[in-house]
Amino acid sequence: MSKVLVIEPYRILQQALAIALYPEHDVQLIDIIPESLDPKDFDAAIMDAASLREKSGLNAQELQTVHGWKLPMIWIDDEASGEESARNKVVILKQPISRKALMAALAECLGETAKGKSTGPTARTEPDKFIELTDVVEEGP
């Protein structure tokens with residue numbers, strides 16, 4: 001399970017991203033760019049630059065802070081930014097985004113292949129857990 005930092009100023013979008021990433025990833029939600037962050041605490045970050053720009057304005061100092069993290073990142077924006085695409089381990093998604101696109105972008109950031117994250121075969125290898133009906137019936141008054 002990877003730990004993902006989500007920087008999203010709108011509460012409803014925070015919840016949507018958390019639900020989209022659940023249960024495969026441990027998500028920490030914040031609404032502003034933190035002044036100090038230890039990149040070792042996270043495996044990747046998701047930043048909604050369009051919403052940050054819309055709500056509070058995204059200034060040069062905040063962008064410089066984000067660039068200093070050297071953390072694999074998904075950059076969500078409504079316009080293509082050549083500045084971000086030049087960075088290593090940055091995947092740009094244009095709004096609106098789908099869960100499938102988000103999960104594929106996160107897998108790319110984390111260096112995972114879509115084939116390697118298939119949950120079908122692993123789910124089938126675990127034995128099925130059955131509840132014996134006698135367990136339920138015999139517990140009467």
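Residues numbered from 1 in each chain as written. Predicted model: local features only at pLDDT ≥ 70, side-chain atom pairs only at ≥ 80, totals over all residues. Heavy atoms only, no water.

Draft legend 1. Highlighting the overall build of the protein chain. Helix and strand counts for the protein chain stand at seven helices and five strands. Going residue by residue from the N terminus, the α and β elements of the protein chain occur as β-α-β-β-α-α-β-α-β-α-α-α. Here the protein chain holds 141 residues, and the buried ones make up 35% of them. Considering only residue pairs separated by 6 or more positions, the protein chain has 57% of its internal contacts joining residues 24 or more positions apart. For the protein chain, the accessible area works out to roughly 9400 Å², and carbon and sulfur atoms hold 53% of it. (Helix = DSSP H or I, 4+ residues; strand = E, 2+ residues; numbered from the N terminus. Buried < 20%, exposed > 50% of the residue type's maximum accessible area, 1.4 Å probe, protein only. Contact = heavy atoms within 4.5 Å. Areas by Shrake-Rupley, 256 points an atom, 1.4 Å probe, with all protein chains shown as cover.)

Draft legend 2. Local environment of the sheet that holds strand β4 (residues 73-77). Strand order in this open sheet of five strands is β2-β1-β3-β4-β5, and the pairing throughout is parallel. Either end of the sheet is taken by a strand with one partner, and the two such strands are β2 (25-30) and β5 (90-94). Here the average twist between neighbouring strands, direction ignored, is 20°. Pairing geometry for β4 and β5, over five bridges, is parallel. Paired with D77 across the bridge in β5 is K94. (Pairing = 2+ DSSP bridges. Axes fitted to C-alpha atoms, helices over the stretch in contact; angles between N-to-C directions.)

Draft legend 3. Representation of the side chain of E8. Structurally, the position occupied by E8 is in the loop between β1 (2-7) and α1 (11-21). Buried within the structure, E8 lacks any salt-bridge partner; K55 is the closest side chain of opposite charge, at an N-O distance of 7.9 Å. A polar side-chain atom of E8 sits 3.2 Å from the main-chain amide nitrogen of Y10. (Lys, Arg positive; Asp, Glu negative; His and termini not counted. Salt bridge = Lys/Arg side-chain N within 4 Å of Asp/Glu carboxyl O. Polar contact = N/O pair within 3.5 Å; in protein donor to acceptor, adjacent residues only side chain to side chain.)

Draft legend 4. Molecular detail of the pattern of salt bridges. Tallied over the full model, the rule gives two salt bridges. For D77, the salt bridge is made with R53, and the minimal N-O distance between the two is 2.9 Å. Of the two residues, D77 is situated in strand β4 and R53 in helix α2 (residues 49-55); the sequence distance between them amounts to 24 residues. Here D77 falls in the buried class, since its relative accessible area comes to 1%.

Draft legend 5. Region of the structure containing the layout of surface pockets. Roughly 210 Å³ of internal volume is contained in the second largest pocket. Contributing to the lining of the second largest pocket are 13 residues, with L13, A16, L17, I76 and I97 lying nearest its centre. Where the lining of the second largest pocket is concerned, the elements lending two or more residues are α1 and α5 (99-110). In terms of residue class, the lining of the second largest pocket is made up of eight nonpolar, two polar and three charged. (1 Å grid on protein atoms, 1.4 Å probe; cavity = no way out; pocket = protein on both sides within 12 Å on 5 of 7 lines; lining within 4 Å. Points joined across faces, edges and corners; volume = space filled by probe spheres on them. Nonpolar A, V, L, I, M, F, W, Y, C, P; charged D, E, K, R; others polar.)

Draft legend 6. Here's a closer look at the environment of I7. Tracing the backbone through its elements, the reader meets I7 in strand β1. I7 sits in the buried class, given a relative accessible area of 0%. In sequence terms I7 and D31 are 24 residues apart; their C-alpha atoms lie 5.5 Å from each other. In this view, I7 contacts I30, I32, I33, I46, M47, D48, L52 and W69; residues no more than four positions away in its chain are not counted.

Draft legend 7. Examining the pairing of β1 more closely. Of all six residues in β1, five are buried, a share of seventy percent or more. Bridge count for β1 against β2 is six bridges, and the pairing is parallel. Note that in β2 the partner of V4 across the bridge is V27. Direction of pairing for β1 relative to strand β3 (residues 44-48): parallel, over a ladder of four bridges. Bridge pairing links V4 to A44 in β3.

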